[in-house]
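Per-entry structural report
Here's the letter readout for the chains.
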Amino acid sequence: MTEHEHVRVAVIGSGFGGLGAAVRLRREGVTDFVVLERAGSVGGTWRDNSYPGCACDVPSHLYSFSFAPNPDWPRAFSGQRHIRAYLEHVADVFHLRRHIRFDSEVKLMTWDAEQLRWEIETSGGRLTADLVVSATGPLSDPKIPDVPGLDSFPGEVFHSARWNHDHDLRGKRVAMVGTGASAIQIVPAIQPQVGRLTLFQRTPPWVLPRVDRAISGAERALHRALPFTTRLRRGLLWGIRELQVQAFTKHPDELNLVEQLAKRNMARAIKDPALRAKLTPDYRIGCKRILLSSEYYPALAKPNVDVVASGLAEVRGSTLVGADGSETEADTIVFGTGFHVTDMPIADRVVGADGRTLAEAWKGGMEALRGASAAGFPNWMTIIGPNTGLGNSSMILMIESQLNYLADFVRQLDVLGGRAALDARPAAVRDWNHRVQERMKRTVWSTGGCTSWYLDDNGRNSTIWPGTTSEFRRATRRVDLAEYEVLRARKKVDA
C-alpha cells in the first residue's frame, strides 16, 4: 500500500467475517476497500488451526455462505483442509484478492475527529479509511495460561492453534492441557502414535457422538445438477437447530434427555468406574459448548492415556504437577486452552473519539449495539461482536446477518451524503445490552452451574446470543438512525 493511501472501507481479517464483508461491499457497489490480513493467506481460524484431527462441529452445508453454496462438500462435517479450501475458493470466485493486503497486521487505529476518518498503522504501511469493519474474530489470538515454572520446561511447548508440524510426536510423552473443542479432536488423532498421553482436565465436557459420514458422489452430483437441493439441505439443518434454541434459552430442563444420551455415549466407551467419574461433568449439559466426537472417549480408555482431573498447576523442569499433587513426566506440552475472546487484543489497538482505547471502553465488559457498533467509535463496526456467538448452530448465519447491517450502514452514509459518520448513542448501546442480559438470565449458560469462556472477568456473558438466528436477523435487518448520532465534518471558515 502507498504511504498516504485512503480507502472508503478497511476490513480487518480475511476469515469468514472479512471475506463475507468484502463480498457484501462489492455487491453494494463499493469497490474502494481493502482487506488487511496479518498473515500471508486467507482463512482466519481455519488457516491457523491445522492441528491433527481439526474439523468443524457444524454440518458442512450450514457452515458455508448462503451466497456461495458448495455442492461438493466431501463429508457431513468438514475437516480444516476442506474449509480452508472453500475460503480460498470464495476469495477467487468473488475476485477479492485484488483487495487483500497480506502481511499487514493492524498495529493501531485512531479516529480523526476533524477529518471523520480512521488513521490506520499496519506492518505494511499507513492508510486512512472512512469506515472500519473489524472481522478479526474471537478465535484468533491463542490464550496460554500463566503456569508457574513453564519457562523451565526443556521440551517443546505450543498452542493447538499454532501447531508445530516439524515436531515429531511419535513415541513422545505428551501432555495435553485443556478439554475443549480442539482437545477432543487432538487426543484421538495423536493417541495411537505417542508413547504416553496425559490429559490435564480442569472441567470435563459433555460429549455427544459426531454422526459423520462421507457424502456420496450421487448426492454431490444431485446438488450440482439441482442447486435447490443444496438450499433445501441447508434449510433443514438450519430449521432443526432453530427448534433446539428454546431448550438453551428458555427451558434448560428440556436438555435432560440430551444429558442422558451423553452419559450413554460415555458409558459405551469408558468401562472403568473411576475414569467415568473423572469424566462426568457436574453442571447441566449446554452450560458449556456441547462437544461432538465419537473417538474421544475410546481414546481416553487406551492403556497409554492418563487423565489428571485437577488441571495443570506447576511445571518443574520436565515434571508436570497437577493441582492434586500428582506428577507426570513429559517431553511435549500442547495447550488447548482457548483464545482471548472477552479480551480481544485488537481492542487495545483501537482508539476512539475521546482518546480511549476500545479495551478501556470495554473494561466493565464488551458492549456493542446489535453486536456491531460501540459508543465513541464512529464508523467502526465489528463482525462477530459482543453477544453474537451461538451455542448450537452455525456462526455463518450470524455473520450474514451482520453483513446485512453493514450493507445498510453503508447505504445510510450514502443517504446522509458529504463527510458524515455514525456513532452509536451510549443510551442505545445500554438499552440493547440490558435487553440481551435480561434474556440471558433464563438461559442454560447462566443457570447451568458452570464457568465457561462465554463469561468475562465480571462473570457476565458477553459472548452468546440468547435467541434464535432468525431473531438476530430481524434485529440487524437495517440501521435505525435514532440509535446513532450523526457526525459532520466541520466546515472551514475563511478568515
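To keep things clear, this report deals only with the structure shown in the data block. Throughout, residues of each chain are indexed from 1 in the direction in which the sequence is written. For this predicted model, a pLDDT threshold of at least 70 governs which residues receive local features, and a threshold of 80 or more governs which side-chain atom pairs are given and counted, while totals over whole chains, interfaces and linings are taken from all residues. Note that water and hydrogens are dropped before the side-chain values are worked out from all heavy atoms of the structure.

Description of helix 1 (residues 16-27)
Elements are defined by DSSP. Helices are runs of H or I of four residues or more, strands are runs of E of two residues or more, and each kind is numbered from the N terminus. In this scheme, a helix's expected span is set at 1.5 Å multiplied by one less than its residue total. Helix length check: helix 1 (12 residues) gives 16 Å between terminal C-alpha atoms against 16 Å at 1.5 Å per residue, within 8%. The buried label applies to any residue whose accessible area, calculated with a 1.4 Å probe on protein chains only, is under 20% of its type's maximum; exposed applies above 50%, and partly exposed to all values in between. Burial runs high along helix 1: 10 of the 12 residues are buried. The complete set of buried residues in helix 1 reads Phe-16, Gly-17, Gly-18, Leu-19, Gly-20, Ala-21, Ala-22, Val-23, Arg-24 and Leu-25.

Some points on the pairing of strand 8 (residues 173-177)
Most of strand 8 is tucked away, with 4 of its 5 residues classed as buried. Whether two strands pair comes down to DSSP finding at least two bridges between them. In this sheet, strand 9 (residues 196-200) lies alongside strand 8 in parallel orientation, the contact comprising 5 bridges. Looking across to strand 9, one finds that Arg-173 is bridged to Arg-196. Crossovers are described as right-handed under a simple rule: with the strands pointing away from the observer, the path leading from the first strand over the helix to the second runs clockwise. Remark: the strand 8/helix 4 (residues 183-190)/strand 9 crossover connection has right-handed handedness. Two strands pair when backbone bridges link them, and strand 8 and strand 16 (residues 332-335) are joined in this way by 4 bridges, in the parallel orientation. Within strand 16, the position partnered with Val-174 by the bridge is Thr-332.

Notes on the state of the cysteines
Disulfides are defined as cysteine sulfur pairs within 2.5 Å. Summed over the entire model, instances satisfying the criterion amount to 1 disulfide. The residue that forms a disulfide with Cys-287 is Cys-450, at a sulfur-sulfur distance of 2.0 Å. One quick way to see it: the torsion about the S-S bond of Cys-287 and Cys-450 is about -90°, and its sign makes the bridge left-handed. Pair noted here: Cys-287 is in the loop between helix 8 (273-279) and strand 11 (291-292) and Cys-450 is in the loop between helix 13 (444-447) and helix 14 (469-475), with a separation of 163 residues, a long-range link. Here Cys-54 is not cross-linked by a disulfide; its sulfur's nearest cysteine counterpart is in Cys-56, at 8.8 Å.

Quick word on the packing of helix 1 against helix 11 (residues 395-416)
An axis is simply a line fitted to the C-alpha atoms; with a helix, the fit covers only the stretch in contact. Between two such axes, the angle follows the N-to-C directions and lies from 0 to 180 degrees. For the pair helix 1 and helix 11, the least separation of the axes is 10 Å and the interaxial angle reads 40°. Taken as axis vectors, helix 1 and helix 11 run oblique relative to one another. Two packed elements cross with a definite hand, and for helix 1 against helix 11 that hand is right-handed. Listed contacts from helix 11 to Phe-16, Gly-17, Gly-20, Ala-21, Arg-24 and Leu-25 of helix 1 are Ile-396, Ile-399, Leu-403, Asn-404, Leu-406, Ala-407, Val-410 and Arg-411. The residue classification treats Ala, Val, Leu, Ile, Met, Phe, Trp, Tyr, Cys and Pro as nonpolar and Asp, Glu, Lys and Arg as charged. All others, Gly included, are polar. Taken together, the residues of the contact of helix 1 with helix 11 sort by class into 9 nonpolar, 3 polar and 2 charged. To sort the angles, those under 35 degrees are grouped as roughly parallel, those over 145 as roughly antiparallel, those from 65 to 115 as roughly perpendicular, and the leftovers as oblique. Throughout, a crossing is termed right-handed when the near helix is turned clockwise from the far one, and left-handed when it is turned anticlockwise from it by less than a right angle. Contact between two residues is taken to exist if any of their heavy atoms lie within 4.5 Å; hydrogens are not considered.

A closer look at the packing of aromatic side chains
Here the aromatic set is Phe, Tyr and Trp, taking the six-membered ring for Trp, and pairing holds for ring centres within 6.5 Å; pairs whose planes are under 30 degrees apart are stacked, those over 60 apart are edge-to-face, and all others are tilted. Taken as a whole and assessed by the stated rule, the structure comprises 17 aromatic pairs. A ring pair is formed by Phe-377 and Trp-380, whose centres lie 6.4 Å apart and whose planes are at 55°; its orientation type is tilted. The class for Phe-377 is buried, based on a relative accessible area of 3%. Through a chain of ring-to-ring contacts, three or more aromatic side chains come together here, namely Phe-16, Trp-46, Tyr-63, Phe-65, Phe-67, Trp-73, Tyr-86 and Phe-94.

Section: the environment of Arg-473
Note that Arg-473 resides in helix 14. Among the residues examined, Arg-473 registers a relative accessible area of 31% and is labelled partly exposed. Considering only alpha carbons, one finds Arg-473 and Leu-403, 70 residues apart in sequence, at a separation of 9.9 Å. Discounting chain neighbours no more than four positions away, the residues touching Arg-473 are Leu-397, Glu-400, Ser-401 and Asn-404.

Looking at the packing of helix 1 against helix 3 (residues 80-93)
One way to put it is that helix 1 packs onto helix 3 with a least axis distance of 11 Å and a crossing angle of 20°. Between helix 1 and helix 3, the interaxial angle falls into the category roughly parallel. Our pair here, helix 1 against helix 3, has a crossing hand that is left-handed. Residues Phe-16, Leu-19 and Val-23 of helix 1 lie in contact with helix 3, whose contacting residues are Ile-83, Tyr-86, Leu-87 and Val-90.

With respect to unusual backbone geometry
The backbone phi angle of Asp-103 is positive, close to 55°, even though this residue is not glycine. Relative to the helices and strands, Asp-103 is located in the loop between strand 3 (100-101) and strand 4 (106-112). Even without glycine at this site, Asn-379 takes up a positive phi of about 50°. Of note, Asn-379 is situated in the loop between helix 10 (358-361) and strand 18 (380-382). Using a relative accessible area of 1% as the deciding quantity, one classes Asn-379 as buried.

So, the sheet that holds strand 13 (residues 312-316)
Strand order in the open sheet formed by 3 strands is 13-14-15, and the pairing between neighbours is antiparallel. Edge positions in the open sheet fall to strand 13 and strand 15 (327-329), since each of these has one partner strand only. Each strand of the sheet is rotated relative to its neighbour by a mean of 25°, with strand direction disregarded. Pairing between strand 13 and strand 14 (residues 319-322): 4 bridges, direction antiparallel. Bridging across to strand 14, Glu-314 finds its partner in Val-321.

As for a negative patch on the surface
A contiguous patch of negative charge on the surface is contributed by Asp-343, Asp-348, Glu-360 and Asp-457. Accessibility expressed as a relative area gives 45% for Glu-360, which makes it partly exposed. Here the term patch refers to residues with relative accessible area over 30% and no salt bridge, with like charges joined within 9 Å and nonpolar side chains (Val, Leu, Ile, Met, Phe, Trp, Tyr) within 5 Å. To be clear on the numbers: accessible area is Shrake-Rupley with a 1.4 Å probe, and residue cover counts the displayed protein chains and nothing else. Salt bridge, as used here: a side-chain nitrogen of Lys or Arg that lies within 4 Å of a carboxyl oxygen of Asp or Glu. Think of it this way: Lys and Arg go in the positive column, Asp and Glu in the negative one, and His and the chain ends go nowhere. Just so you know, the charge point we use is NZ for Lys, CZ for Arg, CG for Asp and CD for Glu.

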